[in-house]
Amino acid sequence: MPATFSSPQDAENHTRKKEPKNGRVLLIACGALAREILAITQLNQLAHMDLTCLPAKLHLYPDQIVTAVESAVREHQSEYEDIFVVYADCGTGGQLAVKCAELGVKMVAGPHCYSFFEGNDAFAERTQDGEITAFYLTDFLVKQFNAFVWQPMGLDRHPELRDDLFGHYTKLVYQSQIKDAALLAKAKDCAARLDLTFEHRHTGYGDLEKTLRDL
């Protein structure tokens, strides 16, 4: 049986170890995607996939993502027939793609999760049409807004930094993966705190679901 987790935190802190077995795939993922990946694998009955997650806080230090992914791949590559990296570029400047190619593993296509949740083609089209002053939040980032946005940027201590940090943004786009009235209300509050116009797009799991099904 594949490893099961009762929460994303369990997925982040636990990796299933096993003898090599044909047909099994290990997903090495960003902790911010744990809940979504578990939902996708359950909905699509992808029982041949196991999940291990790296800390979501690596997004605050993208220069550390490549090293962390490489360590995880090398640790588990003898245990699985295939390994798939559930990170997009995520601010690594192309270095993660280079490292994955070197390691012989594939990864999610796209510049970041906002793009593959929206759909990479659709996101690129919006960018070409001029959507370059939007600040994006996913379900995870709405839930963790204080820990991943408000506090790291110092806005809890110095709210006057808002204009310096967000003065060039015009709107906050909430890309929801699930339909949840409480999360929607919280996302609207995040926009108000940043003094940005609010826009909601229900993206679902976008290209991420298709990618995992194709595996």
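Rules used in this analysis
- Residues numbered from 1 in each chain as written.
- Predicted model: local features only at pLDDT ≥ 70, side-chain atom pairs only at ≥ 80, totals over all residues.
- Heavy atoms only, no water.
- Buried < 20%, exposed > 50% of the residue type's maximum accessible area, 1.4 Å probe, protein only.
- Helix = DSSP H or I, 4+ residues; strand = E, 2+ residues; numbered from the N terminus.
- Pairing = 2+ DSSP bridges.
- Arc of directions from axis to C-beta.
- Contact = heavy atoms within 4.5 Å.
- Expected span 1.5 Å × (residues − 1).
- Phe/Tyr/Trp six-rings, centres within 6.5 Å; stacked < 30°, edge-to-face > 60°.
- Lys NZ or Arg CZ within 6 Å of the ring centre and 35° of its normal.

**Here we look at the pairing of strand β5 (residues 134-138)**
Alright, step 1. Extensive coverage of β5 is indicated by the burial of five of its five residues.
Alright, step 2. Side chains Ala134, Tyr136 and Thr138 project from β5 onto one buried face, and the interleaved Phe135 and Leu137 project onto a second face that is buried too.
Alright, step 3. Two strands pair when backbone bridges link them, and β5 and strand β6 (residues 171-176) are joined in this way by five bridges, in the parallel orientation. From the neighbouring strand, Ala134 faces β6, where its bridge partner is Lys171.

**Description of helix α4 (residues 95-103)**
Alright, step 1. Buried within α4 are the following residues: Leu96, Lys99, Cys100 and Leu103. On an axial view of α4, the arc spanned by its buried residues comes to 100 degrees, and they lie on one face. Pointing more than 90 degrees away from the buried face of α4 are the exposed residues Ala101 and Glu102.
Alright, step 2. Close packing links the buried residues of α4 with α3 (65-76), β3 (80-86) and β4 (106-107).
Alright, step 3. Once α4 ends, the next one or two residues include Gly104, with phi positive near 80 degrees.

**Considerations on α3**
Alright, step 1. If you check α3, its first and last C-alpha atoms are 17 Å apart, about what twelve residues at 1.5 Å a residue would give, namely 16 Å.
Alright, step 2. Residues Ile65, Val66, Ala68, Val69, Glu70, Ala72, Val73 and His76 constitute the buried set of α3.

**Section: the packing of aromatic side chains**
Alright, step 1. For the structure shown, the criterion picks out eight aromatic pairs.
Alright, step 2. A centroid spacing of 5.7 Å and a plane angle of 25 degrees characterise the contact between Tyr114 and Tyr136, whose relative ring orientation is stacked. Taken together, the positions of Tyr114 in helix α5 (residues 113-118) and Tyr136 in strand β5 put the pair 22 residues apart, joining distant regions of the chain.
Alright, step 3. Residues Phe145 and Trp150 carry aromatic rings whose centres are separated by 6.0 Å and whose planes lie at 35 degrees to one another, so their mutual orientation is tilted.
Alright, step 4. The exposure class assigned to Phe145 is buried, which follows from its relative accessible area of 1%.
Alright, step 5. For Trp150, a relative accessible area of 13% puts it in the buried group.
Alright, step 6. A connected cluster of aromatic rings, assembled from ring pairs, spans Tyr114, Phe123 and Tyr136.
Alright, step 7. When the ring centre of Trp150 is taken as reference, the NZ or CZ atom of Arg193 above it lies at 4.4 Å.

Keep in mind these values describe shape, not function.
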